[in-house]
Amino acid sequence: MPRTAPLPLASFLGQRYLPPPPWGDKGYALLMVELIVFVLMAAAALAGAVAVIRARNTVYAAMGLLGTLLAVAVLYVVQLAHLVAAVQVIVYAGAVMTLFLFVIMLVGVDRNEDTRETIPHQRRMTIGLVGVLFVVIGFVVVSGSFDWVPVVGAPADPQLTNGTVQRIAGELFTGWVLAFEATALLLTIAAVGAIALASTRRRRQES
Amino acid sequence: MVTPGWYMTLAAVLFVIGAVGILTRRNALVMFMSIELMLNAVNLTFIAAGRAIGSLDGQLAVFFVLVVAAAEVVVGLAIIVAIFRRRQSASVDELADMKG
């Protein structure tokens, strides 16, 4: 039974998009849960992102990025992208952040960053650009373009985008198999390139 | 109701924050992290758009973005380490030698 009365906060976030409650009668309660999770995780992601660009200590910046990655992973789960969320936590929060921290420790944490502006008025221009971008985003939000109208012909069944391992693998190894093979080539090239960059043998021969 | 548009708005704001990091910071590592931030914002957009049109393709695209980002981090950090061994600094302003 579709209820038409919007939830209080939900009406603020746009009430025109009212799909049929996907999980039967509990549908609207679950949508409210999604709203709460979204607000919390969006705040966490934004706080982490600000920490990345504001922290003087590079390790704190890395921790901020880690927080953002985990919050975004939660947002993936909310949107039923289970496998992508797991890969995000394992690959990004696990492997990539470990690599980042390793390099930070290797290079050393230098706190006194050079703040001279090599390009004149660089920071002022950045602030202006960011202002313009936020005005554009704000305009799009306020004008209501994001009271998402369902795409015509799009199936309303949320199970269609349920990204389980079986379904992702089914798509990956049929329609996307060429891209998948290209990925293997890319990873090989990246590994060879990293080894070539890290190799010190040539320099030792020179000296 | 959290529409896909709100995920995209969050992603847009995250992207702008990452762009600010690229434009204002001089530390190569922090700039790299800002790039990761921007890639994540794009991933979030992909997932939200995929859900909006009822297709799994968004999630598959994110899969490939993740792979490319991982490869990019490996090569990029190797470059940073190689530069650091030569110059004892991770600041990009030190690398203006090839400026014409």
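The rules behind these values
Residues numbered from 1 in each chain as written. Chains lettered and ligands numbered in written order. Predicted model: local features only at pLDDT ≥ 70, side-chain atom pairs only at ≥ 80, totals over all residues. Helix = DSSP H or I, 4+ residues; strand = E, 2+ residues; numbered from the N terminus. Rg over C-alpha atoms; globule rule 2.2 N^0.38 Å. Buried ≥ 20, exposed ≤ 12 C-beta atoms within 10 Å, placed from the backbone. Contact = placed C-beta atoms within 7 Å. Axes fitted to C-alpha atoms, helices over the stretch in contact; angles between N-to-C directions. Parallel < 35°, antiparallel > 145°, perpendicular 65-115°, else oblique. Nonpolar A, V, L, I, M, F, W, Y, C, P; charged D, E, K, R; others polar. Core = buried A, V, L, I, M, F, W, Y, C linked by C-beta atoms within 7 Å. pLDDT = per-residue confidence, 0-100. Left-handed = near helix turned anticlockwise from the far one by under 90°.

Peer 1: Please clarify how the overall build of chain B should be interpreted in this entry.
Peer 2: Helices and strands together make up the secondary structure of chain B, namely three helices and zero strands. Walking chain B from its N terminus toward its C terminus, one meets helices and strands in the order α-α-α. Its C-alpha radius of gyration of 17 Å places chain B more than 25% over the 13 Å reference for a compact globule of 100 residues. Taking the principal axes of the C-alpha coordinates as reference, chain B spans close to 50 × 25 × 25 Å. Relative to its 100 residues, chain B shows a buried fraction of 58%. Put simply, of all contacts in chain B between residues at least 6 apart along the chain, 46% involve residues at least 24 apart.

Peer 1: How do you make sense of the overall build of chain A when you look at a structure like this?
Peer 2: Tallying secondary structure elements over chain A gives eight helices and zero strands in all. The linear arrangement of helices and strands in chain A, starting from the amino end, is α-α-α-α-α-α-α-α. Counting across all 207 residues of chain A, residues that qualify as buried make up 22%. Counted over contacts in chain A with a minimum sequence separation of 6, partners at least 24 positions apart contribute 57%.

Peer 1: Help me understand the packing of helix H2 (residues 28–53) of chain B against helix H3 (residues 57–87) of chain B in this model?
Peer 2: Any two packed helices are characterised by how steeply their axes cross, that is the angle between the axes, and by the distance between the axes. Residue and element names in this part refer to chain B. At a closest axis distance of 9 Å, the pairing of H2 and H3 adopts a crossing angle of 175°. Regarding the angle of H2 to H3, the classification is roughly antiparallel. For the pair formed by H2 and H3, the contact residues are Ala28, Leu29, Phe32, Glu36, Leu39, Val42, Asn43, Phe46, Ile47, Ala49 and Gly50 on the first element and Asp57, Gly58, Gln59, Ala61, Val62, Val65, Ala69, Gly76 and Ile80 on the second. Among the residues making up the contact of H2 with H3, the classes are represented as 13 nonpolar, five polar and two charged.

Peer 1: Sorry, what's going on with the interface of chain A and chain B here?
Peer 2: Many structure descriptions define interface size as the accessible area lost when the parts assemble. Taken residue by residue, the interface counts 72 residues in chain A and 62 residues in chain B. When contributions to the side of chain A that touches chain B are tallied by element, the ones reaching two or more residues are helix H2 (27–54), helix H3 (58–78), helix H4 (82–107), helix H5 (122–142), helix H6 (165–172) and helix H7 (177–198) of chain A. Taken together, the residues of the side of chain A that touches chain B sort by class into 54 nonpolar, 11 polar and seven charged.

Peer 1: Where do I start with the nonpolar core in this structure?
Peer 2: Nonpolar side chains tend toward joint burial in soluble globular proteins. Counting 71 residues, the largest nonpolar core has A:Leu65, A:Val84, B:Leu14, B:Leu29, B:Met33 and B:Leu44 as its most contacted members. Where this core is concerned, the elements lending two or more residues are H2, H3, H4 and H7 of chain A together with helix H1 (4–24), H2 and H3 of chain B. What B:Met33 contacts, discounting residues up to four positions off in sequence, is A:Val52, A:Ala61, A:Ala62, A:Leu65 and A:Phe100.

Peer 1: For this particular structure, what's the right way to read the confidence of the model for chain A?
Peer 2: Close inspection of predicted coordinates is inappropriate in any region flagged by low pLDDT. Residues and elements named next belong to chain A. Overall, the predicted model of chain A reaches an average pLDDT of 78, with 70% of residues at or above 70. Taken element by element, chain A is modelled with least confidence in helix H1 (residues 8–12), mean pLDDT 42, and with most confidence in H3, mean pLDDT 93. Scored below 50 in pLDDT, residues 1–18 shows 32 contacts in the model against residues more than four places distant or in partner chains.

Peer 1: Which parts of the structure should I look at to understand the packing of H1(B) against H2(B)?
Peer 2: All names here are of chain B. Their axes nearest at 8 Å, the elements H1 and H2 cross at an angle of 165°. Of the possible angle classes, the one that applies to H1 and H2 is roughly antiparallel. Read as a crossing pair, H1 and H2 show a hand that is left-handed.

Peer 1: Where do I start with the environment of A:Tyr76 in this structure?
Peer 2: Assignment of secondary structure puts A:Tyr76 in helix H3. When the 27 C-beta atoms within 10 Å are taken as the criterion, A:Tyr76 is described as buried. In sequence terms A:Tyr76 and A:Ala86 are 10 residues apart; their C-alpha atoms lie 9.2 Å from each other. The contact partners of A:Tyr76, leaving out residues within four places of it in the chain, are A:Ala81, A:Val84, A:Ala85, A:Gln88 and B:Ile47.

Peer 1: Help me out: how do you make sense of the confidence of the model for chain B in this one?
Peer 2: Chain-level pLDDT for chain B is 86 on average; 92% of the residues reach the 70-or-more range. For this predicted complex, the interface confidence comes out at an ipTM of 0.90, alongside a pTM of 0.83.

Peer 1: Is there a simple way to think about the environment of B:Leu37 in this case?
Peer 2: Residue placement: B:Leu37 occurs in helix H2. Separated by 26 residues in sequence, B:Leu37 and B:Ala11 have C-alpha atoms that sit 9.6 Å apart. Beyond its immediate sequence surroundings of up to four residues, B:Leu37 is in contact with A:Ala49, A:Val52, A:Leu65, A:Thr68, B:Leu14, B:Ile17, B:Gly18 and B:Gly21.

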